[in-house]
Amino acid sequence: MANKKRVLILGAGFAGLTIAHRLRENIPDKADVIVISESDRVYDNTIFPALLTDDVKIENTYFLASQKLPPRGIEFIESKVLEIRPESNEVKTDKGTFDYDYLVVALGGAYEENFNKIKGHENAFMHHTLEGFLGIKKVVEEKDEINAFVGNAMNSPIEGPSYQVAFILEYLGRKLGKRVTVYLGTQSPKGMFGILPVDWIPKQVNAYAEKRGIKLIKGVYVKEISRNKVLLSNGNEIDSNLISVLPTLSAPEIAKKAELTDESGFISVEHPTFRSTKFRNIFAVGDSAKGMIPAKTGRAAMISAENAAATIVKELSGKTLPYYAQGVICMMHAGDYSGMLIFDVNKYVKKIDFRWGSMYKYLKKLYSAMLISSAFSVPYHMALPYYN
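Residues numbered from 1 in each chain as written. Predicted model: local features only at pLDDT ≥ 70, side-chain atom pairs only at ≥ 80, totals over all residues. Heavy atoms only, no water.

**Observations regarding the sheet that holds strand β6 (residues 81-85)**
- Strand order in this open sheet of three strands is β6-β7-β8, and the pairing throughout is antiparallel. Only two strands of the sheet have a single partner each, and these edge strands are β6 and β8 (96-99). Ignoring strand direction, the axes of neighbouring strands in this sheet form an average angle of 20°.
- Judged from the four bridges that link them, β6 and strand β7 (residues 90-93) form a sheet pairing that is antiparallel. When the sheet's bridge partners are listed, Arg85 is paired in β7 with Glu90. (Pairing = 2+ DSSP bridges. Helix = DSSP H or I, 4+ residues; strand = E, 2+ residues; numbered from the N terminus. Axes fitted to C-alpha atoms, helices over the stretch in contact; angles between N-to-C directions.)

Shown next, in the form of structure tokens:
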């Protein structure tokens, strides 16, 4: 059709590919869907903790967008985004300039940009990237005695991976017969999962961590890192020869330069549509968007993309798709054990639970395999409906 709209999606992560699939499935005759990403190789980084225990191999953690997307009717361009031009509906890349009718910004939470702002970051790993996890794994393999510190920078909204790394390091110490001491910093004074509006889950998980020998330091964030030492926000220093930290997040600098962000550092959007408050034909989904649920997860990113897709589909075809409420289902790998957090709330339903069981690390592995085989096209997120 000559009047098909051009939908340009920046980013090939959970959010970017979810909206690409939904648009292609629902309005193939109304829109051309183009995904631009700097890398052809797309990882499921939620399964990276399992690399530390050899439950998965690197080759099982990614797919190639150039192979998965075109057969589904989605154009893929491997290119670096250099500039977003909202006033002219253009995006400049290192392979040319592309125009759009709709733009979807799904560039993530600028992990590397924000990690590099932590003073002394070069002395630590970031347990988000493949390189970070492989660096942790190498230290564990090479050292016989390890004093590990795992934590987060100020206002970092992603503590779940820190909990997993702490549990796994303790487990590896026992498995390998090495002397491993693990310090885990939590930003909440209530400890692990302290952000939740219930007390029993933090108390239960904290007690289990302490039973495993993990030394909890509650109510702190990482202020500065030096060689073999971490300075915490309470003024205490922790000696450590294995330091791993997650940063705060924001929209990437390229979005800020395009004046898409507000004082929060994120792209201001309407909810539940995830449409930009500044430009009606721009959407921001996943970690770049303001108003995401504080615990950043792949599932939350995909739900944001489902809502944005529903908005575009309705505008172009009149077809109604459901909107979903933000929520968390987090399967936590804990070495020789595992658990699952459920936090789903809407106007009428409240689901808050934490369950222990060895099966959850295997379910996590199966779910990751499903994500990778489908190129992040998961039709069911167990999410609650959204109500005003």
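**Observations regarding the side chain of Asn281**
- Note on placement: Asn281 falls in the loop between α8 (253-257) and β17 (282-284).
- Overall, Asn281 belongs to the buried group, its relative accessible area being 17%.
- At a separation of 3.1 Å, a polar atom in the side chain of Asn281 contacts the main-chain carbonyl oxygen of Asp101.
- In this structure Asn281 touches Asn89, Tyr100, Asp101, Tyr102 and Leu103, once residues within four positions along its chain are discounted. (Buried < 20%, exposed > 50% of the residue type's maximum accessible area, 1.4 Å probe, protein only. Polar contact = N/O pair within 3.5 Å; in protein donor to acceptor, adjacent residues only side chain to side chain. Contact = heavy atoms within 4.5 Å.)

**With respect to the pairing of β8**
- One ladder, built from four bridges, connects β7 with β8; its direction is antiparallel. Paired with Lys92 across the bridge in β8 is Thr97.
- Count of turn residues in the β7/β8 antiparallel hairpin: two residues.

**Some remarks on a negative patch on the surface**
- A surface patch of negative charge is lined by Glu112, Glu113, Glu131 and Glu253.
- Its place among the elements puts Glu131 in helix α5 (residues 130-142).
- Here Glu131 falls in the exposed class, since its relative accessible area comes to 59%. (Patch = residues over 30% accessible without salt bridge, like charges linked within 9 Å, V, L, I, M, F, W, Y side chains within 5 Å. Areas by Shrake-Rupley, 256 points an atom, 1.4 Å probe, with all protein chains shown as cover. Salt bridge = Lys/Arg side-chain N within 4 Å of Asp/Glu carboxyl O. Lys, Arg positive; Asp, Glu negative; His and termini not counted. Charge placed at Lys NZ, Arg CZ, Asp CG, Glu CD.)

**As for the sheet that holds strand β19 (residues 338-345)**
- An order of β18-β19-β20 is seen for the three strands of this open sheet, with the pairing classed as antiparallel. Edge positions in the sheet fall to β18 (327-333) and β20 (350-356), since each has one partner strand and no second. Mean inter-strand twist for the sheet, computed between neighbouring axes without regard to direction, equals 0°.
- Note: β19 against β20, seven bridges, orientation antiparallel. Directly across from Ile342, in β20, lies its bridge partner Asp353.

**Some remarks on the packing of α5 against helix α6 (residues 160-176)**
- For the pair α5 and α6, interaxial distance at closest approach is 11 Å and the crossing angle is 25°. In terms of axis orientation, α5 runs roughly parallel to α6. As for how α5 packs across α6, the hand of that crossing is right-handed. Residues Phe133, Ile136 and Val140 of α5 pack against Val165, Leu169, Leu172 and Leu176 of α6.
- Among the residues forming the contact of α5 with α6, the class breakdown is seven nonpolar, no polar and no charged. (Parallel < 35°, antiparallel > 145°, perpendicular 65-115°, else oblique. Left-handed = near helix turned anticlockwise from the far one by under 90°. Nonpolar A, V, L, I, M, F, W, Y, C, P; charged D, E, K, R; others polar.)

**Things to note about the environment of Glu90**
- Within the secondary structure, Glu90 sits in strand β7.
- Placed 22 residues apart in sequence, Glu90 and Glu112 show a C-alpha to C-alpha distance of 25 Å.
- The contacts of Glu90, once residues within four sequence positions are left out, are Glu83, Ile84, Arg85, Thr97, Phe98, Asp99 and Tyr100.
- Of note is the side chain of Glu90, whose polar atom sits 3.0 Å from the side chain of Ser88.

**A short note on the packing of aromatic side chains**
- Going through the model one piece at a time under the given rule, you end up with 14 aromatic pairs.
- One aromatic cluster is present, formed by Tyr163, Phe167, Phe193, Tyr208, Tyr337, Phe354 and Trp356 through successive ring pairs.
- Across the ring face of Tyr62, the terminal group of Arg41 is positioned such that the distance to the ring centre comes to 4.0 Å. (Phe/Tyr/Trp six-rings, centres within 6.5 Å; stacked < 30°, edge-to-face > 60°. Lys NZ or Arg CZ within 6 Å of the ring centre and 35° of its normal.)

**Some words on the pattern of salt bridges**
- Going through the model one piece at a time under the given rule, you end up with 23 salt bridges.
- We note a salt bridge from Arg85 to Glu83, for which the minimum N-O separation is 3.3 Å.
- You can call Glu83 partly exposed: its relative accessible area is 33%.
- Bridged by salt links that share partners, the residues Asp54, Lys57, Lys137 and Glu141 form one connected network.

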